[in-house]
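Each chain, letter by letter, is given below.
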Amino acid sequence: MKCDEIFTALELLEKERGISPTFMMDKIIQALTTAYKKDHEGVENVIVDVDEVKKDLKMYVQKEIVADEELENPGTQMSASEARAKYGRVDVGGVVNIPVDNVEFGRIAAGNGKQVIIQGLREAERGMVYDEFNSKQHEILTGVVSRIDPRTGNVSLRIGTGAESTEAMLAASEQIRTEQLEEDQHVKVYVVEVRRSTRGPQVLISRTHPGLVKRLFELEVPEIFDGIVEVKSIAREAGSRTKMAVWSADEAIDPIGACVGPAGQRVGNIVNELRGEKIDIIKYSEDPAEFIAASLAPADVVEVQLSDEGKLCRVIVPDDQLSLAIGKEGQNARLAARLTGYKIDIKPASYKDEE
């Protein structure tokens with residue numbers, strides 16, 4: 001049977017999608033043999049012969065020649081008398097390849113070959129989309145809001161363009177609670193992870209991840225992008241407040257000043273992108289006591305007492321700044337603890353005097 005269309009389709013897949021024709025032909029052969037076996041109960045050995053030069057496919061059913069009295073399964077065996085009648089020879093124990101009728105094989109090849117090629121095209125497209133977005137894990141992408149689920153609050157965004165675009169879901173739990181998204185709105189999102197699934201790549205995105213803040217600063221602050229200023233740690237409660245510790249090996253560089261920018265323009269642009277989220281920029285120190293004291297800004301710290309065991313400490317602050325150090329509903333202390341990795345016990349100066 002001539003299968004020009006199948007070979008032409010495989011050539012196009014290689015040229016346009018980079019899919020190996022050998023890989024696709026193996027899948028087609030597997031599909032053809034499976035389809036034939038399904039239609040012919042008892043048949044086991046099916047061979048598809050590929051002639052790439054003539055662009056031709058042939059199918060054979062292979063059977064073992066057995067003595068007439070030993071014939072048990074006509075699907076896998078042929079009697080010696082039948083072999084003699086058809087081929088004029090008898091090799092008991094040998095095998096014979098019986099050509100499948102061209103009309104029947106053509107019917108099987110036309111349907112299954114096309115199906116496999118379409119499936120291969122889909123797999124290739126999914127693979128390309130996966131590769132495209134997998135390379136962008138932990139980066140910021142801009143998506144367009146395509147749909148908002150009024151029941152769950154989940155938002156669907158279209159990310160990318162053309163064939164390499166995909167739909168990503170921004171779950172309600174990954175949205176900044178103080179912002180209201182609308183259809184056709186352009187939104188910056190952080191790519192947390194890209195997973196393979198049966199329905200194509202699944203891009204997990206977030207607006208609440210601390211990585212979003214870090215990447216926004218990289219885009220806004222050249223010193224961070226160039227590695228002159230390093231972001232050491234970030235603690236974030238999305239929509240409310242973020243604390244970010246920065247450091248520079250170059251003593252001539254003010255890491256906090258670089259992040260704030262002239263007249264606060266750099267940090268101001270990021271605050272606007274995050275819909276008014278407050279950002280505290282802290283100078284990182286390798287001295288834990290110094291770092292912990294800085295992390296409780298805007299409160300002043302009198303003393304930091306580190307525990308001999310474990311990452312525990314007690315911080316003494318002026319009496320009139322106790323509530324400032326703790327913050328509304330404990331937020332300032334909570335973020336400072338996450339930023340530094342220490343469990344912080346805050347006490348007023350009068351407590352120390354009493355002690």
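Here, every reference points to the structure presented above.
Cut-offs used in this document
Residues numbered from 1 in each chain as written. Predicted model: local features only at pLDDT ≥ 70, side-chain atom pairs only at ≥ 80, totals over all residues. Heavy atoms only, no water. Core = buried A, V, L, I, M, F, W, Y, C linked by side-chain atoms within 4.5 Å. Buried < 20%, exposed > 50% of the residue type's maximum accessible area, 1.4 Å probe, protein only. Helix = DSSP H or I, 4+ residues; strand = E, 2+ residues; numbered from the N terminus. Contact = heavy atoms within 4.5 Å. Pairing = 2+ DSSP bridges. Axes fitted to C-alpha atoms, helices over the stretch in contact; angles between N-to-C directions. Phe/Tyr/Trp six-rings, centres within 6.5 Å; stacked < 30°, edge-to-face > 60°. Lys NZ or Arg CZ within 6 Å of the ring centre and 35° of its normal. 1 Å grid on protein atoms, 1.4 Å probe; cavity = no way out; pocket = protein on both sides within 12 Å on 5 of 7 lines; lining within 4 Å. Points joined across faces, edges and corners; volume = space filled by probe spheres on them. Nonpolar A, V, L, I, M, F, W, Y, C, P; charged D, E, K, R; others polar.

Asks: So what about the nonpolar core? Which residues, and what values?
Replies: Ranked by internal contacts, the top residues of the largest apolar core, which has 25 residues, are Leu-10, Ile-28, Leu-32, Tyr-36, Leu-57 and Met-59. Mapped onto this core, the elements with two or more residues apiece are α1 (4-17), α2 (21-39), β1 (46-51), β2 (56-66) and α4 (102-134). A total of seven residues in this core trace back to one element, the largest contributor, which is α2. Aside from chain neighbours lying at most four places away, what touches Leu-10 is Pro-21, Met-24, Met-25, Ile-28 and Ile-117. Core analysis: the next-biggest nonpolar cluster, separate from the first, contains 22 residues, Tyr-190, Val-213, Met-244 and Val-267 among them.

Asks: Provide a residue-level description of the sheet that holds strand β15 (residues 343-348), including the pertinent values.
Replies: Within a sheet, neighbouring strands are paired by backbone hydrogen bonds and run either parallel or antiparallel to one another. The strand order β13-β14-β15 describes an open sheet built from three strands, whose pairing is mixed. Each edge of the open sheet carries a strand with a single partner, namely β13 (303-306) and β15. Pairs of neighbouring strands in the sheet enclose a mean axial angle of 20°, with direction left out of account. Two elements, β13 and strand β14 (residues 312-317), share four bridges in a ladder whose sense is antiparallel. Bridge pairing links Glu-303 to Ile-316 in β14. On the sheet, helix α9 (residues 288-295) packs against β13, β14 and β15 and is oriented at approximately 130° with respect to β13.

Asks: Which residues make up the packing of aromatic side chains, and what values do they have?
Replies: In this description, an aromatic ring pair is defined by two values, namely the gap between the centres and the angle between the planes. Inspection of every chain in the model, using the stated rule, returns one aromatic pair. Seen from their ring centres, Tyr-284 and Phe-291 are 4.9 Å apart, and the 70° between their planes marks the pair as edge-to-face. When the ring centre of Trp-247 is taken as origin, the NZ or CZ atom of Lys-232, which lies over that ring, is 5.0 Å away.

Asks: Give me the sheet that holds strand β11 (residues 241-248): which residues, what numbers.
Replies: The three strands are arranged β10-β11-β12 in an open sheet whose pairing can be described as mixed. With one partner strand each, in any of the chains shown, β10 (229-237) and β12 (278-283) form the two edges of the open sheet. Between one strand axis and the next, the sheet turns by 20° as a mean value, whatever way the strands run. Summarising the sheet, β10 and β11 pair through eight bridges and their orientation is antiparallel. Bridge pairing links Arg-236 to Thr-242 in β11. Contacting β10, β11 and β12, helix α11 (residues 331-340) crosses the sheet at an angle of about 135° to β10.

Asks: Account for the pairing of strand β6 (residues 155-159), naming residues and giving values.
Replies: For β6, a buried count of four out of five residues is recorded, marking the element as mostly surrounded by other parts of the structure. Pairing analysis gives five bridges linking strand β5 (residues 140-148) to β6, with the strands arranged antiparallel. Each residue of the ladder has a partner; that of Arg-147, found in β6, is Ser-156. Where β5 folds back on β6, the antiparallel hairpin that results is connected by six residues, among which Gly-153 adopts a positive phi of roughly 85°. Pairing analysis gives five bridges linking β6 to strand β7 (residues 166-170), with the strands arranged antiparallel. Note that in β7 the partner of Arg-158 across the bridge is Glu-167.

Asks: Give me the lowdown on the environment of Met-25, citing residues and values where you can.
Replies: Along the chain, the position of Met-25 falls in helix α2. Of the residues examined, Met-25 reaches a relative accessible area of 8% and is grouped as buried. For Met-25 and Ile-117, which are 92 residues apart along the polypeptide, the C-alpha to C-alpha distance reads 9.2 Å. Apart from the residues within four sequence positions on either side, Met-25 is in contact with Phe-7, Leu-10, Val-50 and Leu-57.

Asks: So what's going on with unusual backbone geometry? Residues and values would help.
Replies: Outside of glycine, negative phi angles account for most residues, and trans bonds account for most peptide bonds. In this structure, the amide linkage connecting Ala-297 to the following residue, Pro-298, adopts the cis form with an omega of 15°. Mapping Pro-298 onto the fold places it in the loop between α9 and β13. One non-glycine residue, Lys-55, lies in the positive phi region at around 50°. Along the chain, Lys-55 falls in the loop between β1 and β2. Of note in the backbone geometry, Ala-263 takes a positive phi value of approximately 55° without being a glycine. In this fold, Ala-263 is placed in the loop between α7 (255-260) and α8 (265-273).

Asks: Please provide a residue-by-residue account of the layout of surface pockets, values included.
Replies: Of the volumes computed, that of the second largest pocket is approximately 340 Å³. In terms of lining, the second largest pocket is formed by 14 residues, of which the most central are Glu-237, Ser-240, Arg-241, Lys-328 and Gln-331. The dominant element in the lining of the second largest pocket, judged by the number of residues it contributes, is α11, at three residues. Taken together, the residues of the lining of the second largest pocket sort by class into three nonpolar, four polar and seven charged.

Asks: Let's hear about the pairing of strand β4 (residues 95-99): which residues, and what values?
Replies: Only one face of β4 is covered, namely the face carrying Val-96 and Ile-98; the face carrying Val-95, Asn-97 and Pro-99 is uncovered. When β2 meets β4, the two strands line up antiparallel, connected through five bridges. Pairing of Tyr-60 across the sheet is with Pro-99, part of β4.

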